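Secondary and tertiary structure notes
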Amino acid sequence: MKYILENIREITEMDIHTLAKKGYCSPATIVRISKKIGFNGFKELKIALLNDINFND
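Residues numbered from 1 in each chain as written. Predicted model: local features only at pLDDT ≥ 70, side-chain atom pairs only at ≥ 80, totals over all residues. Heavy atoms only, no water.

An unreviewed UniProt entry lists the chain under the name HTH rpiR-type domain-containing protein, with Helcococcus ovis given as the organism.

Now for the confidence of the model for the chain. Residues with a pLDDT of 70 or more make up 98% of the chain, whose mean pLDDT is 92. By mean pLDDT, helix 1 (residues 2-6) is the weakest element of the chain at 86, and helix 4 (residues 27-36) is the strongest at 96. (pLDDT = per-residue confidence, 0-100. Helix = DSSP H or I, 4+ residues; strand = E, 2+ residues; numbered from the N terminus.)

Once that is clear, we can look at helix 5 (residues 42-56). An α-helical turn contains 3.6 residues, so any two residues separated by three or four positions project in the same direction. For helix 5, with 15 residues, the first-to-last C-alpha span of 21 Å sits near the 21 Å given by 1.5 Å per residue. Among all positions of helix 5, only F42, L45, L49 and I53 are buried. The buried side chains of helix 5 occupy one side of the element, clustering within an arc of 75° when seen end-on. Residues of helix 5 that are exposed and angled more than 90 degrees away from the buried face: K43, I47, N54 and F55. Residues of helix 5 that are buried in the fold lie against helix 2 (8-11), helix 3 (16-22) and helix 4. (Expected span 1.5 Å × (residues − 1). Buried < 20%, exposed > 50% of the residue type's maximum accessible area, 1.4 Å probe, protein only. Arc of directions from axis to C-beta. Contact = heavy atoms within 4.5 Å.)

Glancing now at the nonpolar core. Core analysis: the biggest nonpolar cluster contains 10 residues, these being I4, I11, M14, I16, L19, A20, I30, F42, L45 and L49. Residue assignment for this core shows that the elements contributing at least two residues are helix 3 and helix 5. Setting aside anything within four residues of it in sequence, one finds I16 in contact with P27, I30, V31 and F42. (Core = buried A, V, L, I, M, F, W, Y, C linked by side-chain atoms within 4.5 Å.)

Structural data, given as structure tokens:
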């Protein structure tokens, strides 16, 4: 979770397996985190992050 918060722009360009390696966890953990915070999965989380970045720019 810490890696996600510190690297939001980079995450929007990553696939789930790359993020799992960089965050030292499994892809399933990323999906569980995404669902725990209210998204249907990692893709939906990425879309929300992109929308937030575009809104703030």
